[in-house]
Amino acid sequence: MSVTVIYGSDGGTTRSVASRIAKRLEAKTVDIKSARPADLEGCSLLVLGVPTYGDGTLQADWEDNIETLRSARLANKKVAIFGLGDQETYPESFVDAMGILYDEVVELGAEVVGATDTDDYSYVTSFAERDGKFVGLAIDEDTQSSKTGKRIASWVAQLV
Ligand SMILES: Cc1cc2nc3c(=O)[nH]c(=O)nc-3n(C[C@H](O)[C@H](O)[C@H](O)COP(=O)(O)O)c2cc1C
């Protein structure tokens, strides 16, 4: 399985989580700022990482480069998404950006894998929650960093 992790990050936290995930999957990582559609297409599993900003919006580099994603041929491709957020400060838009990317890749015909349970988090609403599950892996380095290692390990095990 060849894996590519594409991420965007303002403060570096998502970059660091992307590296931790990539290490376990022997994947390459590419910042969305410099990614080309070929980077997204040339793998058997595509992993996307995004923090939420504003009141539930995409991180700026994802917003600025969303056409790179939209122009990639992702029909039937396996895609997994992880989202960074802060459930205590932003309980009504927790990891919303993960839900935004989910809708984008579903629109492109991708097969999204890696949904996870919402138990063990405490928030009010999340655009990334669909049918009672997160569409991908939710990571909160601001308030639950002690859980991150275990969450990454079990998600990666689910993906392979
Ligand atoms: C101005 C600002 C707005 C934010 N808005 C949200 C939000 O709406 N929902 C959320 O879950 N997290 C929100 N966060 C938390 C970030 O997503 C979180 O700190 C993340 O780890 C940052 O990742 P980065 O260092 O890769 O940029 C916000 C953070 C800041 C500074």
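Scroll up for the structure.
The structure displayed is predicted, hence computed values, not measured ones.

**Topic: the nonpolar core**
Piece 1. If you look at the biggest cluster of nonpolar residues, it comprises 30 residues, and the most contacted ones within it are Ile6, Leu48, Trp62, Leu69, Leu101 and Phe134.
Piece 2. With four residues, the top contributor of residues to this core is helix H5 (residues 96-107).
Piece 3. Setting aside chain neighbours within four positions, we find Leu69 in contact with Leu40, Leu48, Trp62, Leu74, Leu101, Glu104, Val105 and Leu108.
Piece 4. Val17, Leu25, Val47 and Ile139 belong to the second largest nonpolar core, which has 21 residues in total.

**A short note on the site of the ligand**
Piece 1. Close to the ligand lie 20 residues, the nearest being Ser9, Thr14, Thr52, Tyr53 and Ser93.
Piece 2. Asp10 has a polar backbone atom sitting 2.9 Å from an oxygen atom of the ligand.
Piece 3. In the model, an oxygen atom of the ligand is placed 2.7 Å from a nitrogen or oxygen of the Thr52 main chain.
Piece 4. Relative to its unbound accessible area of 650 Å², the ligand is 81% covered by the protein chains.
Piece 5. Counting residues per element, the ones that place at least two in the shell around the ligand are helix H1 (13-25) and strand S3 (45-53).
Piece 6. Looking at the shell around the ligand element by element, the count peaks at three residues for S3.
Piece 7. A per-class count over the shell around the ligand returns six nonpolar, 10 polar and four charged.

Reading guide: rules and limits
- Residues numbered from 1 in each chain as written.
- Predicted model: local features only at pLDDT ≥ 70, side-chain atom pairs only at ≥ 80, totals over all residues.
- Heavy atoms only, no water.
- Core = buried A, V, L, I, M, F, W, Y, C linked by side-chain atoms within 4.5 Å.
- Buried < 20%, exposed > 50% of the residue type's maximum accessible area, 1.4 Å probe, protein only.
- Helix = DSSP H or I, 4+ residues; strand = E, 2+ residues; numbered from the N terminus.
- Contact = heavy atoms within 4.5 Å.
- Near = heavy atom within 4 Å.
- Polar contact = N/O pair within 3.5 Å; in protein donor to acceptor, adjacent residues only side chain to side chain.
- Areas by Shrake-Rupley, 256 points an atom, 1.4 Å probe, with all protein chains shown as cover.
- Nonpolar A, V, L, I, M, F, W, Y, C, P; charged D, E, K, R; others polar.

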